[in-house]
Amino acid sequence: MLTIQTFIQTIWASILLLGWTKVIIIVVAIAFLSKYQYILGMLAALLFVAFLGHWISL
């Protein structure tokens with residue numbers, strides 16, 4: 001449970017760090033590119049945003 005909570009907090013902190021406009025653009029772009037696999041596209045977008053936020057904050 002702690003791992004899931006940490007994962008969610010990391011994603012949330014990354015979203016706040018990047019700003020909502022950039023996040024929406026990234027999510028829409030990835031979802032558009034993977035329109036046949038929408039759920040996987042959203043997951044990939046969230047993971048990518050979390051990675052970017054973590055990388056930028058270091």
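The structure we're discussing is the one just above.
What counts, and at which threshold
Residues numbered from 1 in each chain as written. Predicted model: local features only at pLDDT ≥ 70, side-chain atom pairs only at ≥ 80, totals over all residues. Heavy atoms only, no water. Patch = residues over 30% accessible without salt bridge, like charges linked within 9 Å, V, L, I, M, F, W, Y side chains within 5 Å. Areas by Shrake-Rupley, 256 points an atom, 1.4 Å probe, with all protein chains shown as cover. Salt bridge = Lys/Arg side-chain N within 4 Å of Asp/Glu carboxyl O. Helix = DSSP H or I, 4+ residues; strand = E, 2+ residues; numbered from the N terminus. Axes fitted to C-alpha atoms, helices over the stretch in contact; angles between N-to-C directions. Parallel < 35°, antiparallel > 145°, perpendicular 65-115°, else oblique. Contact = heavy atoms within 4.5 Å. Nonpolar A, V, L, I, M, F, W, Y, C, P; charged D, E, K, R; others polar.

### Considering a nonpolar patch on the surface
Alright, step 1. Together, Ile 4, Phe 7, Ile 8, Leu 40, Leu 43 and Leu 47 make up an exposed nonpolar region whose accessible area comes to about 570 Å².
Alright, step 2. Every element with two or more residues in the nonpolar patch is listed here: helix H1 (2–18) and helix H3 (38–57).
Alright, step 3. With respect to the helices and strands, the residue Ile 4 is situated in helix H1.

### Points about the packing of H1 against helix H2 (residues 20–33)
Alright, step 1. In the contact formed by H1 and H2, the axes pass within 6 Å of each other and the chain directions differ by 110°. In terms of orientation, H1 and H2 fall into the roughly perpendicular class. For the pair formed by H1 and H2, the contact residues are Trp 12, Ile 15, Leu 16 and Leu 18 on the first element and Trp 20, Lys 22 and Val 23 on the second.
Alright, step 2. A breakdown of the residues in the contact of H1 with H2 according to their chemical character gives six nonpolar, no polar and one charged.

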